[in-house]
Amino acid sequence: MTSDVTESAGVSGGGAGNPASVLSTYRLQMRGDECTFADAVAVLDYLDALGVSHVYLSPVLSATIGSTHGYDVVDPGTVSESLGGREGLERLSREARARGMGLVVDIVPNHVGVSDPRQNAWWWDVLKHGSGSRYASFFDLDLADDNGADGRIALPVLGSDDDIRDLTVDRSGDEPLLAYYDKRFPIAPGTDAGTGEEVHARQAYRLVAWNSGLIGYRRFFTVDDLAAVRVEDPEVFDATHEQVASWIADDLVDGIRVDHPDGLADPAGYLARLREVIGPERWLVIEKILGDAEPLDATLPVDGTTGYDALGELSAVFVDPSGEPELNALSRRFTGAEGDVSWLHAREHDLKRSVLGNGLAPEVRRLVRAIRRETGDTECDDGTLHEAVIAVAAQLPVYRADYAPLATLVPRIVGDLARSHPSLGPALAVFARAMAFGDESATRFGQVCGAATAKAVEDCLFYRAVRLISLQEVGGQPGRFSVSPAEFHLAWTQRARHWPRAMTTLSTHDTKRSEDVRARIGVLSQVADEWSRRLGSWNDRAPAPDPAIGLFLWQTLFGVWPLDGVVTAELRDRVHAYAQKALRENGTRSTWTEVDEEFEAAVDGWLDAIFDGPVAGELTSFVAEVEPHVAAVSCGQKLLQLLGPGVPDVYQGTELWDDSLVDPDNRRPVDFDARRRLLDAPDSAPAKFTLVRTALRLRRERPESFVGGAYVPILATGPAAEHLLAFGRGPAPDDLDVLAVSARHTVALSRSGWKDTALHLPDGEWSDALTGRTFTGPVRIVDLLDPLPVAALVRVRNSG
């Protein structure tokens, strides 16, 4: 009996233009060469039929020419012409509204792209006129006399300092330009006489070697091509948000996603200002990466995070804790170390110290200079003060600690360090005095801590730890091997209660691997002994050039290996590209700045030997053996996300199996025509597609049951109760009308069976929207979860 669930599914949600009615989102990666506004209009009918309430766009402001992601905005005042310009955005909004749908747009307040200064008018003007530029205050410039570049703006673009002699003056255009190979820089009026080196000496900037440790502006993390902007300045805020404000004034968008607020000088102040611009009801979510057990600051005027916390819980609840000992042993065998929580914390601390002392050294020096200015300290030597700052930052277990719920964190760390390292006591006292002022020093400390965590953990440690790499995701806690149903239910109860409009996600443009690749790798926890045995044999016959890197890449290969065993040229190229990025992020054998071409070639050869050798057939067989259990995880985590508390996002293409790896692999074009055809052939559609379509439509038909609705754990009884995860949704705890049910740890379950395990359904008659079967009262799980490992039960009538 599916009529009351599906027959009306083609009817749009109605009122989706109301900002309060963001029920689900579908993320599109906008690209001038692949996904323009016109392309988005062309798939609206498909997204509408799928059940999506809002289309969620990656950044759409004018970015660097050829950008495939849009986070390198060069003109915040205009909509990208390569995407279709303002007119294209307006048309997309109109067409979406006509279907009862709406738009959510990603914005980038922290930084702008400066890789080609000619494309960024603000940056060009600053380089030309220095502190006299009307835009000088827009950027967080370091123009102090003691900045290492004689008070000029240091630009780390040269191969070496000797390259100054290679500078020339390009007079081929309307104005003379300083030329360094294909790069061009402005020349201040009247200063173009002489050689390139002589002209350079007269400019407001200094071109320095890329590895000089000098940088004349705050960056996004350690990315020299992204210069931070000072949105804490009202003038800068207004200039960078003029276009965004017009979208609100013209009612084009229903929600905003904010990229990386932790990089801002004052995240809370910025969000309060943004909330004033967009109004009290429009949806506002932030890319806030939460540490282990870190709460989102409830004083922030936002609807929640972008969902990495939910992603981590969904992944870990399907990981089988029984596999931990064997995977620990396997990690020791390949690396000599375990990947447990103590090991991870020690490595995180060491890597943070390394990042702070190297890649972020310019930011740390600038912070120390600010501390000296604000405190007037002349007693502590630079080395000790540097060490105190790095020691505190390296111990911080979160991105930044200046949010209200974390007020006691830094004082506790400072106290612990003073006791364990008495020699740092005087420097820590100076540091504490500077933090007390709450001025530049405190701001820079918050910013540098976030950058250190991102670069040390997500961009390095997560490429080194090898115990179970599906847990190594943005915002993830890989030291916590698994999550129990009890912990999961409590976390999701809190989300429903305190952050009912937060975004939830399983895949994003930033995830290291897609939800389905994580699902397959996570199943290794259920077959740890067999995985260990087979991997030992495979690695004996095809030994990796480096054991630890090998264990990481063996899991990656398992995660993306095709079911039919056919390794296409495209897949081979994708894996090679991924391996190169993984090696350089890992940093133990090759890096972005010191490439070990010989080792990278050895890894490429090793991968090809696997693709073309006898191990390939065995990999295919093993993947086929575990496929039913992988499907159970893939479908289970997707159903729980889509029917759970918050606003679920479906990343483009993930309504079908997706084998994407880290960017840019996850920005590949999506075949929407193939997906559209599945709408007309529901009987032949894959289970995941049917599940996504069914769940999204349920959310649209019963909005009061989901965003803001009740969340009630439903517990099974019987010998296999721990293998079931279920919850109810409805307008109130005593008025549930949708139940999400999923099997977990199905490998062990396949050996023991459900036996008499049962689920006591709430009163009423319940129809499984996925199969059409009807149930009442206590139901045996063996009957309920057949043939699928999940069920989406919908109340069809009350017992009374």
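Before reading further, recall that the structure is shown in the block above.
Given the structure is predicted, the values throughout are model-derived calculations rather than measurements. (Residues numbered from 1 in each chain as written. Predicted model: local features only at pLDDT ≥ 70, side-chain atom pairs only at ≥ 80, totals over all residues. Heavy atoms only, no water.)

> Can you help me understand the overall build of the protein in this one?
Across its full length, the protein holds 28 helices and 25 strands. Relative to the globule expectation of 28 Å for 800 residues, the C-alpha radius of gyration of the protein, 27 Å, shows essentially globular dimensions. Along the three orthogonal principal directions, the C-alpha set of the protein runs to about 85 × 60 × 55 Å. In the protein, which comprises 800 residues, the share counted as buried stands at 61%. If you take every contact in the protein between residues at least 6 apart in sequence, the share linking residues at least 24 apart comes to 73%. By element, 51% of the accessible surface of the protein is carried by carbon and sulfur atoms, the whole surface being about 29,100 Å². (Helix = DSSP H or I, 4+ residues; strand = E, 2+ residues; numbered from the N terminus. Rg over C-alpha atoms; globule rule 2.2 N^0.38 Å. Buried < 20%, exposed > 50% of the residue type's maximum accessible area, 1.4 Å probe, protein only. Contact = heavy atoms within 4.5 Å. Areas by Shrake-Rupley, 256 points an atom, 1.4 Å probe, with all protein chains shown as cover.)

> Explain helix α26 (residues 687–701) here, please?
Along an α-helix, a turn takes 3.6 residues, which lines up residues three or four apart on a common side. The end-to-end C-alpha distance of α26, which contains 15 residues, comes to 21 Å, matching closely the 21 Å that a straight helix rising 1.5 Å per residue would cover. Of all 15 residues that make up α26, twelve are buried, and the element is covered over most of its length. Restricting attention to buried positions, one finds in α26 the residues Lys-688, Phe-689, Leu-691, Val-692, Arg-693, Thr-694, Ala-695, Leu-696, Arg-697, Leu-698, Arg-699 and Arg-700. (Expected span 1.5 Å × (residues − 1).)

> Even after reading the chapter, I still don't get the sheet that holds strand β13 (residues 223–228), so can you show me in this structure?
To summarise the sheet geometry, strands pair through backbone hydrogen bonds and adopt either a parallel or an antiparallel arrangement. Ordered in space as β6-β13-β12, the three strands form an open sheet in which the pairing is antiparallel. Looking at strand neighbours, the two that pair on one side only are β6 (111–113) and β12 (219–220), the edges of this open sheet. Sheet topology note: the β6/β13 ladder contains three bridges and is antiparallel. Of the residues in β13, the one forming a bridge with Gly-113 is Leu-226. (Pairing = 2+ DSSP bridges.)

> How do you make sense of the packing of helix α13 (residues 361–375) against helix α14 (residues 382–395) when you look at a structure like this?
When two helices pack together, their arrangement is captured by the angle between the axes and the distance separating the axes. At a minimum axis separation of 10 Å, α13 and α14 run at an interaxial angle of 110°. Between α13 and α14, the interaxial angle falls into the category roughly perpendicular. The two elements α13 and α14 meet at a crossing, and its hand is right-handed. Residues Val-364, Arg-365, Leu-367, Val-368, Ile-371 and Arg-372 of α13 touch α14, and the partners they reach there are Asp-382, Leu-385, His-386, Val-389 and Ile-390. Along the lines of polarity and charge, the residues of the contact of α13 with α14 split into seven nonpolar, one polar and three charged. (Axes fitted to C-alpha atoms, helices over the stretch in contact; angles between N-to-C directions. Parallel < 35°, antiparallel > 145°, perpendicular 65-115°, else oblique. Left-handed = near helix turned anticlockwise from the far one by under 90°. Nonpolar A, V, L, I, M, F, W, Y, C, P; charged D, E, K, R; others polar.)

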